[in-house]
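Here is what each chain is made of, one letter per residue.
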Amino acid sequence: MITTMRKTFRETLALAVDDAKQGQQVIVSRTIPVPHINPLHFFAAAEDLYSGERTFWMSPNSDETMVGAGNEWIIDTAEQSNARFTEIETEWKRFKKYTDSSNSDKGPILMGGFSFDPFKNENHLWEPYKEGRFVLPSFLGVWKKGQKPEVTIAKVILPNETVEEAEADFTERALYVKKLCRGKITAGSTPAPFEMNEHHTEEWLASITKATESIRNGELDKVVLARDITLDSETPIDVQGALKTLINEQQSSFRFIFENGSSSFIGATPERLVQIKDQHVRSACLAGTIKRGSSDKEDQLLERELLEDQKNLEEHAYVVKMIREALLNHCSDLQCPNGPGIYKTKNVQHLYTPIEGVLNNQSSLLDIVKHLHPTPALGGLPQEKAMSMIREIEPMHRGWYAAPIGWLDTEGNGEFAVAIRSSLVKENSAVLYAGCGIVKDSNPKMEYEETKMKLRPMLSALGGLKYDRT
Ligand SMILES: C=C(O[C@@H]1C=C(C(=O)O)C=C[C@H]1O)C(=O)O
Ligand SMILES: [Mg+2]
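Reading the values: rules and limits
- Residues numbered from 1 in each chain as written.
- Chains lettered and ligands numbered in written order.
- Predicted model: local features only at pLDDT ≥ 70, side-chain atom pairs only at ≥ 80, totals over all residues.
- Heavy atoms only, no water.
- Helix = DSSP H or I, 4+ residues; strand = E, 2+ residues; numbered from the N terminus.
- Rg over C-alpha atoms; globule rule 2.2 N^0.38 Å.
- Buried < 20%, exposed > 50% of the residue type's maximum accessible area, 1.4 Å probe, protein only.
- Contact = heavy atoms within 4.5 Å.
- Lys, Arg positive; Asp, Glu negative; His and termini not counted.
- Charge placed at Lys NZ, Arg CZ, Asp CG, Glu CD.
- UniProt positions renumbered as here; feature names shortened; annotations may be inferred.
- Polar contact = N/O pair within 3.5 Å; in protein donor to acceptor, adjacent residues only side chain to side chain.
- Salt bridge = Lys/Arg side-chain N within 4 Å of Asp/Glu carboxyl O.
- Disulfide = S-S within 2.5 Å.
- Phe/Tyr/Trp six-rings, centres within 6.5 Å; stacked < 30°, edge-to-face > 60°.
- Lys NZ or Arg CZ within 6 Å of the ring centre and 35° of its normal.
- Axes fitted to C-alpha atoms, helices over the stretch in contact; angles between N-to-C directions.
- Left-handed = near helix turned anticlockwise from the far one by under 90°.
- Nonpolar A, V, L, I, M, F, W, Y, C, P; charged D, E, K, R; others polar.
- Near = heavy atom within 4 Å.
- Areas by Shrake-Rupley, 256 points an atom, 1.4 Å probe, with all protein chains shown as cover.
- Core = buried A, V, L, I, M, F, W, Y, C linked by side-chain atoms within 4.5 Å.
- Domains from an automatic or database assignment.

**Q** Quick rundown of the overall build of the protein? Include the residues and the values.
**A** Of the regular secondary structure elements, the protein holds 12 helices and 21 strands. Relative to its length of 470 residues, the protein is compact, with a C-alpha radius of gyration of 23 Å against a globular reference of 23 Å. Counting the 470 residues in the protein, one finds 57% classified as buried. Within the protein, residue pairs in contact and separated by at least 24 positions form 76% of the contacts whose partners lie at least 6 positions apart. Here the protein holds 55 positive side-chain charges and 67 negative ones, and the gap between their average locations is 4 Å.

Structural data, given as structure tokens:
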């Protein structure tokens, strides 16, 4: 029988300090229970010291919420290939991690994401977000349904730091946690009038026609084409207020913010890419869209219409085929229903097929992200053909829009979603993105209407809905 000695926190710190002296990169974390506090208030309270260094993640139905504050460490990559996924994982593994063994410490986590297409030329607006960028938050608030909230303090030990200094730092940070837990969100200012601009509308409609022709010629099966709109205000855009609206209005979506200096990437996406929880893998195919009804009856009629619509079923089927095949390489016991169900958000309903399996020993979360991205729900089929068409046709830069965002821990668990229904906000301006799956029978005007529905969650959150006269 193996007996493990419980170490005091000071003894743990002494080991970590020794390692750091030897040149090892070390993280020490300590998890403390905190009183019930609203995650949004916690996020707001961190603004004083950590504005520009905050991250917010709330899964559908608020099952799991994580709020990060402070860039304790940044792992980023400018790698313009699929090696970027491995690079992030390798860097994260390089750290030796010590947790406080005297409590239920779950260890540190990384939060971040990747760009949609590393081969697209650089773009000034998206430059800080890099091809992949993950942050180890100094403070991480965690809320799980049915459990008490906790805050994990994570500290990177400096090579010349003493045990006393490290211990004093933890004591000081614990005081700041108390302050974070007393946070209150101040009433958001009424948004100043916006100027809203749609870009290249005629070109976008023409590109849909062009894409359907290429599809009919047999060059490819599906391509997802997106467009952007911008909002310009006379005053800085209230991102915290927008997050509050997303939390309330988009409960079946992942609500997120990745702050990066003066920019915030914010959104509410319904689309899970992959989740790993104790070797259990879950992914979701989400493609095919119809509006919500104004009554329950109309909503159900629309639902039935979507479930029988050949064009939408085709959009969806390509996604299921690709995700299923990709997961077969990483999972055993793969479960996939024969036909789609429906996933509803406040503004739209989608065809939905969940896929689940058991993780193979040799695969990791970021391996799966690498092999799934971009699925035909965001890129197209065949993948490479669709990507070069997007690169050629779309005048804008997607940045992190439609790309994998999420978190990972030290045990191989974590979750990624694809960053749709999103906006990049910088000071007084915001860019909003939406796209649609184009197949042979797509109609440009209808696809345009579909993008309008998909822009609504962010327009509503930013207060721009009333300017939408398009
Ligand atoms: C590309 C987006 O959404 C994707 C496209 C869909 C469609 O065309 O039916 C549905 C869900 C998403 O997979 C977006 O919202 O920007
Ligand atoms: Mg569609």
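From this point, the discussion proceeds with the structure in view.
**Q** Quick rundown of the UniProt feature "binding site: Mg(2+)" (unreviewed entry) in the protein? Include the residues and the values.
**A** Taking the numbering used here, the UniProt-annotated feature "binding site: Mg(2+)" (unreviewed entry) corresponds to Glu315 and Glu450. For this annotated set, covering 136 residues, all C-alpha atoms fall within 13.6 Å of each other, a compact arrangement in space. Here Glu315 lies in helix α9 (residues 310-328). According to the relative accessible area criterion, Glu315 is buried, its value standing at 2%. Excluding residues that lie within four positions of it along the chain, Glu315 makes contacts with Lys222, Ala287, Gly288, Gly437 and Val439. Side chain to side chain, Glu315 and Lys311 meet in a polar contact 2.8 Å long. Take Glu450: it is sitting in helix α12 (residues 444-462). Of the residues examined, Glu450 reaches a relative accessible area of 6% and is grouped as buried.

**Q** How would you explain the pattern of salt bridges if you had to name every residue and give the values?
**A** Side chains that carry opposite charge are capable of pairing whenever their charged atoms lie near each other. A complete count under the given rule lists 29 salt bridges for this structure. Of the charged contacts in the structure, one is a salt bridge between Glu161 and Lys155, with a shortest N-O distance of 2.6 Å. Each member of the pair, Glu161 as well as Lys155, is classed as buried. In this structure, Arg272 and Glu415 form a salt bridge, with 2.6 Å as the shortest nitrogen-oxygen distance. With Arg272 in strand β12 (residues 272-277) and Glu415 in strand β19 (residues 414-418), this pair connects stretches of sequence that are 143 residues apart. Ionic contacts of the salt-bridge type, sharing partners, join the residues Glu72, Lys155, Glu161, Asp169 and Arg173 into one network.

**Q** Please set out the state of the cysteines residue by residue, giving values where relevant.
**A** Counting across every chain of the model gives zero disulfides. A disulfide-free cysteine, Cys436 has its sulfur positioned 18 Å from the sulfur of Cys285, the nearest such atom.

**Q** So what's going on with the packing of aromatic side chains? Residues and values would help.
**A** In this description, a pair of aromatic rings is defined by centroid distance and the angle of the planes. In the structure shown here, the tally under the stated rule is 23 aromatic pairs. Arranged with centres 5.9 Å apart and planes meeting at 50°, the rings of Tyr50 and Phe139 form a pair that is tilted. Linking Tyr50 in helix α3 (residues 47-50) with Phe139 in strand β6 (residues 132-144), this pair joins segments that are 89 residues apart in sequence. The pair Tyr50 / Phe139 is uniform in exposure class, with both members buried. Taken together, the ring pairs in this structure connect Trp126, Tyr129, Phe256, Phe258, Phe265, Trp400, Tyr401 and Tyr433 into an aromatic cluster. The cationic tip of Arg227 hangs over the ring face of Trp204; the distance from NZ or CZ to the ring centre is 5.9 Å. Just above the ring of Phe116 sits the side chain of Arg398; from NZ or CZ to the centre is 4.3 Å.

**Q** Quick rundown of the packing of α9 against helix α10 (residues 365-372)? Include the residues and the values.
**A** It is the contact of α9 with α10, at a shortest axis distance of 10 Å, that shows an interaxial angle of 145°. Crossing handedness for the pair α9 and α10: right-handed. Contacts between α9 and α10 pair Met322, Ile323, Ala326 and Leu327 from the former with Ile368, His371 and Leu372 from the latter. Its residues assigned to classes, the contact of α9 with α10 shows six nonpolar, one polar and no charged.

**Q** How would you explain the UniProt feature "domain: Chorismate-utilising enzyme C-terminal" (unreviewed entry) in the protein if you had to name every residue and give the values?
**A** Listed under "domain: Chorismate-utilising enzyme C-terminal" (unreviewed entry) in the UniProt record, and renumbered for this structure, are residues 202-454. As a span, residues 202-454 carries 35% helix and 36% strand, and end to end its C-alpha atoms are 19 Å apart.

**Q** How would you summarise the environment of Leu49 if you had to cite specific residues and measurements?
**A** Within the element layout of this structure, Leu49 appears in helix α3. Residues Leu49 and Val418 lie 369 residues apart in sequence; the distance between their C-alpha atoms is 29 Å.

**Q** If you had to explain the site of ligand 1 to someone new, which residues and values would you point to?
**A** Lining the immediate environment of ligand 1, one finds 18 residues, of which Glu271, Leu286, Thr289, Tyr401 and Arg421 sit closest. Glu271 has a polar side-chain atom sitting 2.7 Å from an oxygen atom of ligand 1. In the environment of ligand 1, an oxygen atom lies 2.9 Å from a nitrogen or oxygen atom belonging to the backbone of Gly288. In isolation ligand 1 exposes 390 Å². Once the protein is present, 99% of that is buried. For the shell around ligand 1, the elements supplying multiple residues, two or more each, are β13 (280-291), β21 (429-438) and α12. Within the shell around ligand 1, the residues separate by chemical class into eight nonpolar, five polar and five charged.

**Q** Run through helix α7 (residues 239-249), naming residues and quoting values.
**A** Along α7, the residues that are buried comprise Val239, Gln240, Gly241, Ala242, Leu243, Leu246 and Ile247. Where α7 begins, the side chain of Asp238 points an oxygen toward the backbone nitrogen of Gln240, at a separation of 3.4 Å.

**Q** Tell me what's going on with the nonpolar core, and back it up with residues and numbers.
**A** Counting 83 residues, the largest nonpolar core has Trp57, Val223, Leu225, Phe258, Phe265, Val274 and Phe416 as its most contacted members. Tallying contributions element by element places α9 first for this core, with seven residues. Taken domain by domain, this core gets at least three of its residues from each of domain 1 (9-180) and domain 2 (194-467). Counting residues in hydrophobic clusters, the runner-up holds 56 residues, among them Val34, Ile37, Ala45 and Ile266.

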